[in-house]
Amino acid sequence: MTRKIAAAAVLCLMVGVAFTRVGAQSAGRAPASGPTFSKDVAPIFYRHCTNCHRPGEVAPMSLLTFQDARPWAKSIATRVSKGTMPPWHADPAHGEFLNDRRLSETDKNTIVAWANADAPEGSPTDLPPMPTYSSEWLMGQPDAVFSMQEDYPIPAAGTVAYQYFLVPTNLTEDKWIQAMEVRAGDPAILHHVIVYARGPQPAPPPPTPAPGQPRPAPLFQFAEGTTSIPAGQTGGPPLPPEQRKPLGPNDRPAPRPMGPPVGGFAPGQFTRVYQEGTALKLVAGSTLIFQMHYTPNGKATTDRTRIALRFAPRKPQTEVRIASLVNGGLHIPPGAADHRVDAEMTIGQDVTMWSMLPHTHVRGKRWEYQVTYPDGRTETVLSVPNYDFNWQTDYVFKQPLKFPKGTKVHATAWYDNSTANKANPDPAQDVWWGDQTWEEMMYTGLTFSIDATPATPTAGQEK
Ligand code: HEC
């Protein structure tokens with residue numbers, strides 16, 4: 001969660017207290033004919049709002065009961081009719097998504113009509129059973145929880161470089177991750193977490209092809225000039241020793257090797273559930289590496305973040321993996337209001353694409369993804385016209401996309417480095433790729449699976 005949401009949360013709570021008294025007085029006064037909370041509105045809130053709007057959750061106020069919701073009726077009507085709540089930023093014209101949070105027109109109309117009629121309670125006997133949340137985790141009861149092993153101190157001010165925490169899993173057998181969730185120790189200062197899993201044995205180097213044999217083509221081949229992340233930055237090669245910053249006593253530097261990423265969490269995206277029949281492999285004996293990005297917010301604090309996992313009961317039909325598409329060479333000039341950055345890759349094997357997670361920092365305003373299939377057809381598979389840094393969404397395709405070998409995936413992001421962008425920390429700056437929020441990224445997390453299972457060698461070929 002970011003500073004903006006945290007600050008909004010504090011403000012809303014205060015406003016909420018003030019309104020509650022007014023709300024309590026006017027409760028239950030409206031005509032019985034229109035929609036009431038108990039009969040019409042509560043079922044919608046329970047389905048679409050209370051996973052976030054309940055005590056202890058990410059949203060600033062609870063919407064579980066009439067008493068909770070009544071003071072917010074006006075704001076609810078505004079947000080719901082504008083479509084800014086529930087939060088969703090993709091253009092419905094392109095693609096359908098499993099995790100689409102949007103309300104139907106009927107539900108919107110019901111909520112707005114209720115709010116406009118002085119938000120009546122109706123008869124409490126109409127109230128459907130309140131949803132029960134089985135534990136503190138949104139996913140329900142997890143199979144395993146892994147925690148950072150220290151309360152890491154965050155200063156009140158300044159910049160904190162990415163920090164890395166090793167968390168042994170002590171798993172004695174391979175597991176298949178069906179769902180993952182992160183719970184920040186202190187949500188106010190946590191910008192993002194990426195979790196990597198390093199197996200007990202570092203991955204062996206790829207086999208050297210026999211003389212005269214072609215090298216196997218990589219799964220993803222990036223377009224010229226779009227992949228290289230500058231040395232020392234996320235995912236980039238290490239800096240030469242003489243350029244490395246000396247480590248402070250509280251620095252937890254990146255271990256090498258890291259192992260593949262198994263999940264990423266940023267504001268708005270704290271849970272990831274993989275569809276039935278698909279899961280992500282976690283090898284026995286893995287050590288999780290939490291890459292933590294902290295943003296000090298004026299108050300010294302500590303953080304001990306945890307992740308929860310739910311495992312698939314057995315090896316899934318399909319193993320999903322995570323990869324990325326980036327353009328590390330971005331440069332946004334000062335004041336540019338609509339600066340475009342592209343990244344492209346060609347896929348070297350038949351794959352199924354399950355989801356895409358666009359990520360920029362606060363200057364990012366819009367994203368678009370176009371694919372060109374080997375037969376020349378092009379298609380916009382995802383468009384995010386209202387990209388919002390506070391809501392990072394992994395867009396999960398309702399119908400996973402089939403990308404035959406040779407498919408080109410082209411990502412475009414637009415940035416607003418002008419004064420018109422209220423979140424812009426400094427419109428006078430040249431902006432380059434960098435870890436920190438005032439720097440930028442052009443990063444897409446991709447969840448995919450490989451379609452063709454490699455042929456098993458026959459006995460005759462074994463030596
Ligand atoms: C994925 C989590 C999530 C869901 C689902 C969600 N909200 Fe929110 N909501 C938030 C967060 C976080 C905030 C505070 C940040 C902001 O305003 O964007 C918020 C803010 C609001 C506000 C503004 C409060 C104010 O300050 O006036 C309203 C109103 C609201 N939500 C209503 C709803 C309603 C109604 C639904 C369901 C139809 C809903 N939300 C679904 C997370 C959520």
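Rules used in this analysis
- Residues numbered from 1 in each chain as written.
- Predicted model: local features only at pLDDT ≥ 70, side-chain atom pairs only at ≥ 80, totals over all residues.
- Heavy atoms only, no water.
- Helix = DSSP H or I, 4+ residues; strand = E, 2+ residues; numbered from the N terminus.
- Buried < 20%, exposed > 50% of the residue type's maximum accessible area, 1.4 Å probe, protein only.
- Contact = heavy atoms within 4.5 Å.
- Areas by Shrake-Rupley, 256 points an atom, 1.4 Å probe, with all protein chains shown as cover.
- Pairing = 2+ DSSP bridges.
- Axes fitted to C-alpha atoms, helices over the stretch in contact; angles between N-to-C directions.
- Near = heavy atom within 4 Å.
- Polar contact = N/O pair within 3.5 Å; in protein donor to acceptor, adjacent residues only side chain to side chain.
- Salt bridge = Lys/Arg side-chain N within 4 Å of Asp/Glu carboxyl O.
- Phe/Tyr/Trp six-rings, centres within 6.5 Å; stacked < 30°, edge-to-face > 60°.
- Lys NZ or Arg CZ within 6 Å of the ring centre and 35° of its normal.
- Expected span 1.5 Å × (residues − 1).
- Donors = N, O, S within 2.8 Å, 3.2 Å for Na, K, Ca; no water.
- Tetrahedral: all angles 85-135°; square planar, octahedral: opposite > 155°, others 65-115°.

Engineer: Tell me what's going on with the overall build of the chain, and back it up with residues and numbers.
Structural biologist: Looking only at helices and strands, the chain has 5 helices and 23 strands in total. By residue count, 46% of the 463 residues in the chain fall in the buried class. Partitioning the intrachain contacts of the chain with sequence separation of at least 6 by distance along the chain shows that 84% fall at a separation of at least 24. Carbon and sulfur atoms make up 55% of the accessible area of the chain, which amounts to about 23,100 Å² in all.

Engineer: Got a sec to walk through the sheet that holds strand β17 (residues 351-359)? Specific residues and values, please.
Structural biologist: Sheet architecture is open: 4 strands sit in the order β14-β23-β17-β20, paired in antiparallel fashion. Among the strands making up the open sheet, the edge pair consists of β14 (321-326) and β20 (395-403). The mean angle between the axes of side-by-side strands here comes to 35°, regardless of whether they run parallel or antiparallel.

Engineer: Go over the site of the ligand, please, and point to the residues and values.
Structural biologist: As a structural note, the neighbourhood of the ligand is formed by 23 residues, with Cys49, Cys52, His53, Ser75 and Met85 the closest of them. One of the side-chain nitrogen or oxygen atoms of Ser75 is found 2.6 Å away from an oxygen atom of the ligand. A distance of 2.8 Å separates an oxygen atom of the ligand from a polar atom in the side chain of Arg79. The set of elements that each furnish at least two residues to the shell around the ligand consists of α2 (37-48) and α4 (73-82).

Engineer: Can you explain the pattern of salt bridges? Please cite residues and give values.
Structural biologist: Inspection of every chain in the model, using the stated rule, returns 18 salt bridges. Note that Arg183 and Glu181 form a salt bridge whose closest N and O atoms lie 3.5 Å from each other. The same class applies to Arg183 as to Glu181, namely buried. The partner of Asp451 in a salt bridge is Lys402, and the shortest N-O contact between them spans 3.7 Å. Taken as a pair, Asp451 in the segment after β23 (443-450) and Lys402 in strand β20 lie far apart in primary sequence, 49 residues in all. The exposure class assigned to Asp451 is partly exposed, which follows from its relative accessible area of 31%. Given the relative accessible area of 52%, Lys402 is considered exposed.

Engineer: Lay out the pairing of strand β18 (residues 364-372) with the relevant residues and their values.
Structural biologist: Bridge analysis of β18 against strand β21 (residues 408-415) gives 8 bridges, and the strand direction is antiparallel. Within the sheet, the bridge partner assigned to Arg366 lies in β21 and is Trp414. Relative to strand β19 (residues 378-384), β18 is paired through 6 bridges, and the arrangement is antiparallel. Within β19, the position partnered with Glu368 by the bridge is Ser383. Hairpin geometry of β18 and β19 is characterised by an intervening segment of 5 residues between the two adjacent antiparallel strands and by a positive phi of about 95° at Gly376.

Engineer: With reference to specific residues and values, describe the packing of aromatic side chains.
Structural biologist: Summed over the entire model, instances satisfying the criterion amount to 13 aromatic pairs. On the numbers, 6.0 Å between centres and 70° between planes, the contact of Phe37 with Phe45 is edge-to-face. Of the two residues examined, Phe37 and Phe45, each falls in the buried class. Through a chain of ring-to-ring contacts, the aromatic side chains of Phe37, Phe45, Phe66 and Trp114 assemble into a single cluster. The residue whose ring lies beneath Arg183 is Trp137, and the NZ or CZ to ring-centre distance is 5.9 Å. One Lys or Arg, Arg366, reaches over the ring of Trp414 and ends 3.9 Å from the middle of that ring.

Engineer: Describe the pairing of strand β9 (residues 278-282), and please don't skip the residues or the numbers.
Structural biologist: For a regular strand, the rule is simple: side chains alternate between the two faces of the sheet. The element β9 is extensively covered by neighbouring structure, given that 4 of its 5 residues are classed as buried. Across 2 bridges, the pairing between β9 and strand β13 (residues 318-319) is parallel. Of the residues in β13, the one forming a bridge with Thr278 is Thr318.

Engineer: Which residues make up α2, and what values go with them?
Structural biologist: A rise of 1.5 Å per residue sets the reference length of α2, with its 12 residues, at 16 Å; its end C-alpha atoms lie only 14 Å apart and thus fall more than 12% short of the reference. If you check which residues of α2 are buried, you get Phe37, Ser38, Val41, Ala42, Ile44, Phe45 and Tyr46. In the core, the buried residues of α2 are packed alongside α3 (66-69), α4 and α5 (105-116).

Engineer: Explain the coordination of the iron atom of the ligand to me, using residue names and the numbers behind them.
Structural biologist: Every protein donor of the iron atom of the ligand is accounted for by His53 (NE2) and Met85 (SD), and the metal-donor separations fall at 2.0 to 2.3 Å. If you look at the iron atom of the ligand, its 6 donor atoms make angles of 86 to 179° with each other, and the shape they trace is octahedral. Remark: Met85 occurs in the loop between α4 and α5 and His53 occurs in the loop between α2 and α3; sequence separation between them is 32 residues. Residue Met85 is classed as partly exposed on the basis of its relative accessible area of 22%.

Engineer: A description of unusual backbone geometry should follow, citing residues and the corresponding values.
Structural biologist: Cis rather than trans, the peptide bond between Met85 and Pro86 has omega equal to -10°. Take Pro86: it is sitting in the loop between α4 and α5. Even without being a glycine, Asp118 presents a positive backbone phi close to 70°. Summarising the element assignment, Asp118 is placed in the loop between α5 and β1 (144-147). Within the chain, Ala119 stands out as a residue other than glycine whose phi angle is a positive 50°. Counting through the fold element by element, Ala119 comes out in the loop between α5 and β1. Judged by its relative accessible area of 0%, Ala119 is buried.

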